[in-house]
Amino acid sequence: MNVPPSDAVLAEIRAALVAADPALARADAEAPALAWRVRPGGFEGLVWMIVGQQVSTASAAAIWARVQAGLGAVSPEAVLGQGVEGMRALGLSLPKARYAVALAEAAPDWAELSRLDDADALARLIALKGIGRWTAEVYLMFCDARTDVFPSGDIALQEAVRWADRLERRPSAEWTARRAQAWGPQRSTAAHLLWAWYGAVRRGDVPHPMRPDR
């Protein structure tokens, strides 16, 4: 796993991003201080990503607690010992149980993955059964601390980009990916900033940025 930037470095990168792109000014003014989201890497990290696919944060946390309790250590050996039906009994859907078992069988070289550049690491992950682009990108951000990744298929990020650029409708993943190129080589920090802003708006901590009076 790479080393995530410290909170102080994140603050410096955030300031540089806002100075380079004034469209991020409202996000910067209203989002709380940033802290890099860190998750375990390797097999455990990617199983966690599979568990969290297309479910709420609360549901993912509940299922993950059952998985950890049922497996003890979240390892390939433990998952293979449970098999598909055993993983289903721990709360995974049938497709997710199959993905977890397939990942255990594939046995990727996690150390090698960390040494690959972003594009090659992304391709290596997407080649695994059940791992789409969003899952691979979020894994690289949270579990491998990659600093120039932007999960453009994430609906919350698309919505925050809409607010920042005052677009009439939510942009597509493709449009969002092109827009995020302006934030390289620190796209991961831009994503953290936009997620933080989105969360503040959804919690009601700050007014909605698309209100007519704003």
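Cut-offs and rules
- Residues numbered from 1 in each chain as written.
- Predicted model: local features only at pLDDT ≥ 70, side-chain atom pairs only at ≥ 80, totals over all residues.
- Heavy atoms only, no water.
- Salt bridge = Lys/Arg side-chain N within 4 Å of Asp/Glu carboxyl O.
- Helix = DSSP H or I, 4+ residues; strand = E, 2+ residues; numbered from the N terminus.
- Buried < 20%, exposed > 50% of the residue type's maximum accessible area, 1.4 Å probe, protein only.
- Phe/Tyr/Trp six-rings, centres within 6.5 Å; stacked < 30°, edge-to-face > 60°.

**Some remarks on the pattern of salt bridges**
Side chains bearing opposite charge may pair, as long as their charged atoms lie close to each other. All chains considered together, the criterion is met by 12 salt bridges. Its salt-bridge partner being Arg146, residue Asp118 comes within 2.8 Å of it at the nearest N-O pair. With Asp118 in helix H8 (residues 118–126) and Arg146 in the loop between helix H9 (133–142) and helix H10 (155–165), this pair connects stretches of sequence that are 28 residues apart. Residue class for Arg146 comes out buried when judged on its relative accessible area of 5%. Each member of the salt-bridge network shares a partner with another, and the members are Asp21, Asp165 and Arg179.

**Side note on the packing of aromatic side chains**
Considering all chains together, one arrives at 5 aromatic pairs under this definition. Considering the side-chain rings of Trp110 and Tyr139, the 6.1 Å spacing of their centres and the 40° angle between planes classify their relative orientation as tilted. Taken together, the residues span a long stretch of sequence, with Trp110 in helix H7 (residues 110–115) and Tyr139 in helix H9 at a distance of 29 residues. For the pair Trp110 and Tyr139, a shared accessibility class is recorded, and that class is buried. Their ring planes at 50° and their centres at 5.6 Å tell us that Phe150 and Trp183 sit as a pair that is tilted. Note that Phe150 is positioned in the loop between H9 and H10 and Trp183 in the loop between helix H11 (173–180) and helix H12 (187–203), a separation of 33 residues in sequence. Just as Phe150 is buried, Trp183 falls in that class too.

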